[in-house]
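If you want the building blocks of each chain, they are given just below.
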Amino acid sequence: NAGVIQTPRHKVTGKGQEATLWCEPISGHSAVFWYRQTIVQGLEFLTYFRNQAPIDDSGMPKERFSAQMPNQSHSTLKIQSTQPQDSAVYLCASSLDGYEQYFGPGTRLTVL
Amino acid sequence: GDSVTQKQGQVTLSEDDFLFINCTYSTTTYPTLLWYVQYPGQGPQLLLKVTTANNKGISRGFEATYDKGTTSFHLQKASVQESDSAVYFCALSGTQVVGQLTFGSGTRLQVYA
């Protein structure tokens with residue numbers, strides 16, 4: 001079991017560029033979550049899929065952020081027109097039951 | 001909405017000391033409470049889960065106990081090791097939307113040999 005895989009591990013973008021982050025959940029897990037981690041805000045929930053369907057995106061900034069899960073083996077988080085305040089570690093987690101969530105190593109996004 | 005408060009920002013101990021980290025929570029329903037540990041460069045790892053049914057969880061020498069009366073749950077370990085140095089987060093499962101976790105702000109544990 002490879003655990004949750006996230007790519008890339010590090011991404012540097014210029015202000016205004018687009019960033020796409022990838023997540024491969026643990027095989028057999030039906031729920032996928034995205035979180036953002038910063039020193040100031042801590043761990044913040046962004047969005048959640050179950051069986052590939054979007055369930056809750058209440059934590060997603062309404063502009064520029066979008067998430068998809070086109071198949072059961074991967075999910076993407078896309079940030080358009082990145083801004084310096086988007087710099088953070090973006091974490092993906094997967095779960096069988098929604099309670100015990102297993103996190104990937106994260107993608108560190110740096111917006112210059 | 002749900003909230004979790006973790007007031008201890010940093011704890012410094014020597015090996016074999018006793019560890020106690022406390023969290024308080026606020027929710028309108030019966031929660032599932034979790035403890036995660038995060039090492040540098042890694043995502044949070046699930047350490048323990050506690051529900052209203054079992055009130056207590058034990059894993060890797062750590063014990064978590066839940067007190068509904070004071071809406072608190074704490075993490076303890078009888079004898080810490082240098083390898084336990086990490087950041088510990090308490091979390092509350094989404095009671096309004098199943099699955100969403102609400103995290104505390106984290107406690108950085110530094111253990112010196």
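Note that this is a predicted model, so its numbers are computed, not measured.

On to the overall build of chain A, then. The number of helices and strands found in chain A is zero helices and eleven strands. Helices and strands appear in chain A in the N-to-C order β-β-β-β-β-β-β-β-β-β-β. The globule rule puts the C-alpha radius of gyration for 112 residues at 13 Å, and the 13 Å found for chain A is close to it. Based on the C-alpha atoms only, the size of chain A along its principal axes is roughly 35 × 25 × 25 Å. Summed over its atoms, the accessible surface of chain A is roughly 5,500 Å², and 49% of this surface lies on carbon and sulfur atoms. Looking at charge distribution, chain A has the averaged site of its 9 positive side-chain charges lying 8 Å from that of its 9 negative ones.

Following the criterion strictly, the structure yields five salt bridges over all chains and no others. Asp86(A) is paired through a salt bridge with Arg64(A); the nearest N and O atoms lie 2.6 Å apart. Of this pair, Asp86(A) sits in the loop between strand S8 (74-79) and strand S9 (88-95) while Arg64(A) sits in the loop between strand S6 (53-56) and strand S7 (65-71); the two residues are 22 residues apart in sequence, bridging distant segments of the chain. By relative accessible area, which is 25% here, Arg64(A) ends up partly exposed. Here Lys49(B) makes a salt bridge to Glu100(A), at a shortest N to O gap of 3.0 Å. Linking Lys49(B) in strand S5 (residues 45-51) with Glu100(A) in the loop between S9 and strand S10 (102-103), this pair reaches from one chain into another. Taking relative accessible area as the criterion, Glu100(A) reaches 23% and is therefore assigned partly exposed.

Counting 25 residues, the largest nonpolar core has Leu19(B), Trp35(B), Phe73(B), Leu75(B) and Tyr88(B) as its most contacted members. Among the secondary structure elements, those contributing two or more residues to this core are strand S2 (10-14), strand S3 (19-26), strand S4 (32-38), S5, strand S7 (62-67), strand S8 (72-77), strand S9 (86-93) and strand S11 (107-112) of chain B. Dropping the residues within four chain positions of it, Leu75(B) is found in contact with Leu19(B), Phe20(B), Ile21(B), Trp35(B), Leu47(B), Leu48(B), Phe62(B), Glu63(B), Ala64(B) and Tyr88(B). If you look at the next biggest cluster of nonpolar residues, it comprises 19 residues, including Met60(A), Met69(A), Ile79(A) and Ala88(A).

This paragraph deals with the state of the cysteines. For the structure on display, the rule yields two disulfides over all chains. One disulfide in the model links Cys23(A) with Cys92(A); its S-S distance is 1.9 Å. Disulfide Cys23(A) to Cys92(A): torsion about the S-S bond roughly -60°, handedness left-handed. Residue Cys23(A) is found in strand S3 (residues 19-24), and its partner Cys92(A) is found in strand S9; the two are separated by 69 residues along the sequence. Here Cys23(B) connects covalently by a disulfide to Cys90(B), the sulfurs 1.6 Å from one another.

Let's shift gears to the sheet that holds S7(A). Residues and elements named next belong to chain A. Taken together, the four strands give an open sheet; going across it, the order is S1-S3-S8-S7, and neighbouring strands pair in antiparallel fashion. In the strand order of this sheet, the two ends are held by strand S1 (5-7) and S7, each with one partner. If you compare each strand with its neighbour and ignore which way they point, the axes differ by 20° on average. Both S7 and S8 contribute to a ladder of five bridges, which runs antiparallel. Across the sheet, Phe65 pairs through a bridge with Ile79, a residue of S8.

Criteria and thresholds
- Residues numbered from 1 in each chain as written.
- Chains lettered and ligands numbered in written order.
- Predicted model: local features only at pLDDT ≥ 70, side-chain atom pairs only at ≥ 80, totals over all residues.
- Heavy atoms only, no water.
- Helix = DSSP H or I, 4+ residues; strand = E, 2+ residues; numbered from the N terminus.
- Rg over C-alpha atoms; globule rule 2.2 N^0.38 Å.
- Areas by Shrake-Rupley, 256 points an atom, 1.4 Å probe, with all protein chains shown as cover.
- Lys, Arg positive; Asp, Glu negative; His and termini not counted.
- Charge placed at Lys NZ, Arg CZ, Asp CG, Glu CD.
- Salt bridge = Lys/Arg side-chain N within 4 Å of Asp/Glu carboxyl O.
- Buried < 20%, exposed > 50% of the residue type's maximum accessible area, 1.4 Å probe, protein only.
- Core = buried A, V, L, I, M, F, W, Y, C linked by side-chain atoms within 4.5 Å.
- Contact = heavy atoms within 4.5 Å.
- Disulfide = S-S within 2.5 Å.
- Pairing = 2+ DSSP bridges.
- Axes fitted to C-alpha atoms, helices over the stretch in contact; angles between N-to-C directions.

In short, geometric facts, not functional conclusions.
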